[in-house]
Amino acid sequence: MASTSRSNHLEEDDDAEEEVQHFADFTLASSWERFISDIEANCRQWLADGPKNLVEKGAVAMEDSKNLFKVKNDLRSVTQSYCMEFYFQVDDNGSQQAGFGDSNSGLHDLQLCFGVKDFLLIAPQSASGVLLDAPESSKLLSAVAIALSNCASLWPVFVPVHDPSRKAYIGIQNMGTVFTRRFEADLIGSQVPMKLMHLEGLYELFVSKFVYSGVDFSMHNFKVHFMMRLKYQTFTSDEEDEESDMDEYMGDKADTEEHNGSESRNKVNWDDDCPWNEWYSAEDPLKGFELVATWADRTVENTLGMAELENDSPHEAEKWILRPILSPYLGEPSHGKRIDFASQLLGLVEALDASFIAQFMEDFVSVENQSSESLKTSVVIPPPTALDRVIKDLFHQGFKLPDFTKGEHRLSRALKAAPLESLFTQFCLHSLWFGNCNIRAIAFLWVEFVREVRWCWEESQPLPKMPIDGSIDLSTCLIHQKLHLLAICIEKKCEMNEEFLDCIGSEEDSSEASDPIEEHHKVDDRRNASSEDLLRKRDSSITEDSSDRLRYEMDTESTNSVNQGPTHAIRRGSAGPVGTMMLLKLHERLHAPFTQDPPLMTEDMHEERLQAVEAFGDSLNVPGQLEKDILLSDMSAFKAANPDAVFEDFIRWHSPGDWESSQPETAEESSGSITEDSEDKWPPQGRLSQRMSDQGNLWRKSWSDAPALPADEQKPLLDPNREGEKILHYLETVRPHQLLEQMVCTAFRGSADTLNQTNFGDMRQMTSKLEQLYLIIRSTLGVLQRNNVPDREQTVKDLRRLCVVFEHVEKLVTVAASLHRKFLEAPRLAQVIFSDFYSTYDPVMGINSNDEENKSRTEMEVGSQEVSMRERQVVSSLFSPPSANQSWRKVLSMGNLLNGHEPVLREIIFSTGDDVNNGIHYAAAADVAASGDRRGEEIETHRMYVSGTSNDLRVALSVTSCD
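Keep in mind that this is a model prediction, so the values were computed, not measured.

Scoring rules and cut-offs
Numbers given for residues are sequential positions, taken from 1 along each chain in its written order. pLDDT decides what is reported in this predicted model: residues at 70 or higher carry local features, side-chain atom pairs at 80 or more are listed and counted, and totals for whole chains, interfaces and linings draw on all residues regardless. Only heavy atoms go into the side-chain values, all of them from the structure, while hydrogens and water stay out. Think of it this way: any DSSP run of H or I at least four residues long counts as a helix, any run of E at least two long counts as a strand, and we number them from the N terminus. For every residue, the accessible area (1.4 Å probe, protein chains only) is compared with the maximum for its type, and the residue is labelled buried under 20%, exposed over 50%, or partly exposed between those bounds. Surface accessibility in these figures is a Shrake-Rupley result with a 1.4 Å probe; residues are shielded only by whichever protein chains are displayed. Residue contacts are defined here by distance: any two heavy atoms, one from each residue, within 4.5 Å place the two residues in contact. The criterion is simple. A nonpolar core is a set of buried Ala, Val, Leu, Ile, Met, Phe, Trp, Tyr and Cys residues joined through side-chain atoms within 4.5 Å. Residue ranges assigned to each domain were obtained from an automatic or database domain assignment. Pairing of aromatic rings covers Phe, Tyr and Trp, the last counted by its six-membered ring, and requires centre-to-centre distances within 6.5 Å; plane angles under 30 degrees mean stacked, over 60 mean edge-to-face, and any other angle means tilted. We count a charge as sitting over a ring when the NZ of a lysine or the CZ of an arginine lies within 6 Å of the ring centre and within 35 degrees of the ring normal. A cavity, in this analysis, means grid points on a 1 Å lattice covering only the protein atoms where a 1.4 Å probe fits yet has no way out; a pocket is instead an open set bounded by protein on both sides within 12 Å along at least five of seven lines, and a residue lines either one if it has an atom within 4 Å of a point. Grid points are joined across faces, edges and corners, and a volume is the space filled by probe spheres set on the points. To estimate the expected span of a helix, subtract one from its residue number and multiply by 1.5 Å. Bend at a given residue is defined as the angle between two axes, one fitted to the seven residues that end at that position and one fitted to the seven that begin there. Under this definition, polar contacts are N or O atom pairs within 3.5 Å; protein pairs additionally need one hydrogen-donor-capable and one acceptor-capable atom, and for neighbouring residues in sequence, both atoms have to be side-chain atoms. When DSSP finds at least two bridges between two strands, those strands are taken to pair. Fitting a line to C-alpha atoms yields each axis, with helices limited to the stretch in contact; the angle taken between N-to-C directions then spans 0 to 180 degrees. What sets the label is the angle itself: under 35 degrees gives roughly parallel, over 145 gives roughly antiparallel, 65 to 115 gives roughly perpendicular, and the rest give oblique. Here a crossing is called left-handed whenever its near helix is offset anticlockwise from the far helix by less than a right angle, and right-handed whenever the offset is clockwise. For this scheme, ten residues count as nonpolar: Ala, Val, Leu, Ile, Met, Phe, Trp, Tyr, Cys and Pro. Four count as charged, namely Asp, Glu, Lys and Arg, and the remainder, Gly too, count as polar. In what follows, salt bridge is the name for a side-chain nitrogen of Lys or Arg lying within 4 Å of a carboxyl oxygen of Asp or Glu. When two cysteine sulfur atoms lie within 2.5 Å, the pair is treated as a disulfide.

Take the overall build of the protein next. Counting its secondary structure elements, the protein contains 34 helices and 18 strands. Buried positions account for 47% of the 963 residues belonging to the protein. Entry remark: accessible area of the protein is about 47800 Å², with carbon and sulfur atoms responsible for 49%.

Before going further, it helps to examine the side chain of Glu723. Of note, Glu723 is situated in helix α27 (residues 720-733). With a relative accessible area of 7%, Glu723 lands in the buried category. Those residues within four positions of Glu723 in sequence are excluded, and the remaining contacts are Cys489, Met605 and Leu718.

With that settled, the discussion passes to the nonpolar core. Membership of the largest hydrophobic core comes to 156 residues, with the highest contact counts inside it found for Phe424, Trp446, Leu463, Phe823 and Phe910. At 13 residues, the largest contribution of residues to this core is made by helix α30 (residues 792-822). Both domains that furnish three or more residues to this core are identified here as domain 1 (31-91 + 107-212 + 221-228 + 909-962) and domain 2 (352-491). Excluding its chain neighbours within four sequence positions, the residues that come into contact with Phe910 are Leu202, Tyr203, Phe206, Val224, His225, Phe226, Met306, His942, Arg943, Met944 and Val946.

By convention here, two paired aromatic rings are described through the distance between centres and the angle between planes. Applying the stated criterion to the full structure yields 33 aromatic pairs. Between Phe427 and Trp446 the ring centres are 5.4 Å apart and the planes differ by 65°, which places this aromatic pair in the edge-to-face class. Highlighted residues: Phe427 in helix α14 (residues 423-432) and Trp446 in helix α15 (residues 439-458), separated in sequence by 19 residues. Side by side, Phe427 and Trp446 carry an identical accessibility label, which is buried. Taken together, the ring pairs connect Trp46, Phe69, Phe86, Phe88 and Trp155 into an aromatic cluster. For Lys482, the ring lying beneath its charged end belongs to Tyr730, and the centroid distance is 5.2 Å. Between Arg652 and the ring centre of Trp659, over which it is positioned, the NZ or CZ distance is 5.9 Å.

Now for empty space enclosed by the protein. One pass over the structure, following the stated rule, counts four cavities of 30 Å³ or more. Approximately 50 Å³ is the volume found for the largest cavity. Around the largest cavity sit Leu196, Met197, Leu202, Met894, Arg906, Val946, Ser947, Gly948, Thr949, Asp952 and Leu953, which together line it. Ranked by the residues each element gives to the lining of the largest cavity, the list is headed by strand β17 (residues 938-948), at three residues.

As for its position among the elements, Glu660 is in strand β13 (residues 659-661). Residue classification places Glu660 among the partly exposed positions, given a relative accessible area of 34%. The spacing of Glu660 and Arg687 is 27 residues in sequence and 5.3 Å in space, taken between C-alpha atoms. Those residues in contact with Glu660, other than ones at most four positions away along the chain, are Gly686, Arg687, Leu688, Ser689 and Gln690.

Compared with an ideal rise of 1.5 Å per residue, which puts 14 residues at 20 Å, helix α11 (residues 341-354) spans 20 Å between its outermost C-alpha atoms and is within 8% of the ideal. Counted residue by residue, α11 has eleven buried out of 14 residues, so it is predominantly covered. Taken together, the buried positions of α11 are Phe341, Ala342, Ser343, Gln344, Leu345, Gly347, Leu348, Val349, Ala351, Leu352 and Ala354.

Right, let's talk about helix α4 (residues 31-56) for a bit. Helix geometry: α4 is bent most strongly at Gly50, by close to 100°, with proline Pro51 lying one to four residues after it. Residues Phe35, Ile36, Ser37, Ile39, Glu40, Asn42, Cys43, Trp46, Asp49, Gly50 and Leu54 constitute the buried set of α4. Gly58 lies just past α4 and shows a positive phi near 110°.

This next bit is on the side chain of Ser633. Here Ser633 is to be found in helix α21 (residues 625-641). At 2.5 Å, the side chain of Ser633 and the side chain of Gln714 are in polar contact. Those residues in contact with Ser633 that sit more than four places away from it in its chain are Gln596, Gln714 and Leu717.

This part is about the pairing of strand β10 (residues 319-326). Counting buried residues along β10, six of its eight residues qualify, which places the element largely inside the surrounding structure. Sheet topology note: the strand β9 (residues 286-300)/β10 ladder contains eight bridges and is antiparallel. Opposite Val292, over in β10, you have Ile321 as the bridge partner. Strand direction decides the pairing type here: β10 and strand β15 (residues 865-867), joined by three bridges, are antiparallel. Looking across to β15, one finds that Leu322 is bridged to Gln865.

In the contact formed by helix α7 (residues 199-207) and helix α10 (residues 303-310), the axes pass within 8 Å of each other and the chain directions differ by 140°. It follows that α7 is oblique to α10 by the angle criterion. Handedness of the α7/α10 crossing: right-handed. Contacts between α7 and α10 involve Leu199, Glu200, Tyr203 and Glu204 on the former and, on the latter, Thr303, Met306, Ala307, Leu309 and Glu310. Classifying every residue of the contact of α7 with α10 by side-chain character gives five nonpolar, one polar and three charged.

Counted under the stated rule, the structure contains 41 salt bridges. We note a salt bridge from Arg166 to Asp186, for which the minimum N-O separation is 2.4 Å. In this pair, Arg166 is assigned in the loop between β5 (157-161) and β6 (168-174) and Asp186 in strand β7 (residues 180-188), connecting sequence segments 20 residues apart. Given a relative accessible area of 30%, Arg166 falls into the partly exposed group. With a closest N to O distance of 3.9 Å, Glu648 and Arg700 form a salt bridge. On the criterion of sequence distance, the pair formed by Glu648 in helix α22 (residues 647-654) and Arg700 in helix α26 (residues 698-705) is long-range, its members being 52 residues apart. Assessed through its relative accessible area of 34%, Arg700 is described here as partly exposed. Through salt bridges that share partners, Glu408, Arg413, Asp473, Arg749 and Asp753 make up one connected network.

So, about the environment of Leu112. Relative to the helices and strands, Leu112 resides in helix α5 (residues 109-114). Residues Leu112 and Glu907, 795 residues apart in the sequence, show an inter-C-alpha distance of 9.9 Å.

Turning to the state of the cysteines, a few remarks are in order. Inspection of every chain in the model, using the stated rule, returns zero disulfides. Of all cysteine sulfurs in the structure, the one in Cys477 sits closest to Cys428, which takes part in no disulfide; the separation is 7.1 Å.

Turning next to unusual backbone geometry. Its identity as a non-glycine residue notwithstanding, Gln191 has a phi of 55°, on the positive side. Mapped onto the secondary structure, Gln191 falls in the loop between β7 and α7. For Gln191, a relative accessible area of 75% gives the class exposed. A positive phi angle, near 55°, is found at Asn896, a position not held by glycine. Mapping Asn896 onto the fold places it in the loop between α33 (884-887) and β16 (905-915).

To continue, consider the pairing of β16. Counting buried positions along β16 yields ten of eleven residues, so the element is predominantly enclosed. Strand direction decides the pairing type here: strand β8 (residues 224-233) and β16, joined by seven bridges, are antiparallel. Bridge pairing links Lys231 to Leu905 in β16. Inspection of the sheet shows β16 paired to β17 by ten bridges, in the antiparallel sense. Directly across from Thr912, in β17, lies its bridge partner His942.

The interhelical angle for the contact between helix α13 (residues 384-395) and α15, taken along N-to-C directions, is 40°, at an axis separation of 11 Å. One element, α13, and the other, α15, form an angle in the oblique class. Considering only the axes of α13 and α15, their crossing is right-handed. Side by side, α13 and α15 meet where Leu387, Val390, Ile391, Leu394 and Phe395 of the first sit next to Phe444, Leu445, Glu448, Phe449, Glu452, Val453 and Cys456 of the second.

As structure tokens, this is what we get:
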């Protein structure tokens, strides 16, 4: 057009007046000239704005690239509409890419093919997006080249041509001098010639672009710069499962009897030694790995050198980049459709919501009950074989007491639930997988569970997975407390039965009576031998000398009597003297008795006791029968250990605060030593407190009524038969919502403790996330520890949200465990990969915690990590040699095998150049191509990018010339 044709003359003459006089007269210009002018206007605007301003104005960032952006504009010619896109990078690190670039940079396809940085792409606005007519594509490319030349731009421009599946392009670039680069790319989608499957054939293909066709390549050397990148991929877990199933099928067809008993036939899952494998097998979150091995810039002179490179091991590559392939399920919410703890816990929450409609668990089992009519068609009841298997696992897998601290987190005890290995926790975890964890399936299992517990009680069989001694842990849930007390009652019941049988046997065997005093000594000997079972002692000031505690010094005590006749009473059940304390009426040392342990009580029993105390007021009046029984037992034991003691002696030992002494003890006396001074101070001076001195005091009356009996001859404070029946009655009549509330708390703690046992190495993010999970569980489940749930609807909603949080943490645990197992000898790789995944997944956890927003799928990808030399062997072991079934369909047609795996993608860059200063612009002879000039003084004349697999081949060629 007129303005552009005369622009050069205006610059040479520098004539300002002439520049003002000339103008663009579009009335005389053609439509094609106006089209070029539109392209020029857009390019000038983009050049004037620059990359940073374009980004501020809304340039679109490319998804797969860190710093590649795109702006576009629509253009229209007479017959066609076009879209022109400008791709640019914000950083300024050179005009073009030297090679493959950073594995995480995400180069555009055209950047990788032709080694460019910023470029234009113009394509028609059609369904195919490509130009099928060759003359039209050439004309369009010429129009853009003219526009770029007018605005002095060096951007390359590309036009898509041919069929879209071929990914074919043509392009051109003005180099700013006499040089011009032309680009062309095309794809062979099938039937790749065998010669081009090998490096020698590709080398000859490139050399043929700059030498005469009649030259024998095998007889001449052509110096070519060469870079190669190979991508390997492990078999995904799905492919391995299919091959394993095929192996099993073929094995059965070949020889069923031979292979049925073979251990090699047993399918091995990746998480066989993970703690959750007892309940379910998780899908491996790492479907596989991609390894990219890169050979840096090398110089090759002949086909023989290429053949040697094809035989190289990937271990000889300069750089290894590893990228894990994540399972799609990590980025999508399960909504209870996947088998894991979180989905089953969600089912248990739904069962809790349904449990309020009935009064007893049997109501859900009985088909006649109207409340269960709505559940009949929507729930699944497992067959009797499944029920028998669960009961067998709970009650008949041995009676070895488990370690209750196993898997326990330091925050576990803050949850009011049962320990992981206890009977009730195992029942709760079994119920998660019983049927689909619906309320009817849980009711069936609970009824059978209680029936089995009653059988253990009636047959005096130990209750499995429960301790038979110790105190009741009130920080646990009530059902666990009840089962613990029942296990103790069963043990007490067995002891009582054994003692009864021993008594009958001893009466039949005894033929003559023994001397009473000698018999008392024998009884005391037996009592002393079993005295360790009576652990509770009423005073800490008992002397530490065990021989003094357990030996009765009858002769010494009788000779120490002052102004008293020798006593004929027998001391029984003594635990030893209490320091230097002396009896009031006799010059004898006061002995502490062995007493019965206070009866064990569960949480609800303590609450009943406190309510009784509050109702009766003064605890001195002993309102409860239990307190009265304990007091009488202690008094009887004290009388047996101190036959000549009085009520005041008992008060001095049992309730020192009610004895007002008029002579304070010296430090020497309190140390427990007996001296002449202490004996001279006998009898002790003092009196009872006012409340103990009142007439009608119940303590004094109880003292009068209490017989002198040692602890082992008294009636037990804990009646195992009565307490056992009360516990069974509670288990049989517990309200469904009360049972489900305890089950929810216990199942959440048991599931969390199971995950806490996972070995994931030194991944601090995972440790922190597990602590957060326990805190969230504690705050959410706190409402279930009350007797009445204040807002049932809100509580169920909070529990559902807790299941979503649990799901996220469970996924993190499986990823950490899988990485740790695969990189035991390369922990750095496991940590950096997990950190990258965690930084990507952690924001998703916050988004998907809301039920309304937890419906979309999120693509989960992690970046690539460079592998050090010492870590290569570990990474290489991930690529296990393919089996016969995995490789029978594939013919290995490419070299550079890694443990039998051929590359899934091979990328090669060939290039050669000429010296700019010597005026030679064509590499037409072998001696020019083999010149020894340095690359810094050369211009790249030919570049060929080759990308292909064993089934396809793509070639992109760029040629620099001075035409």
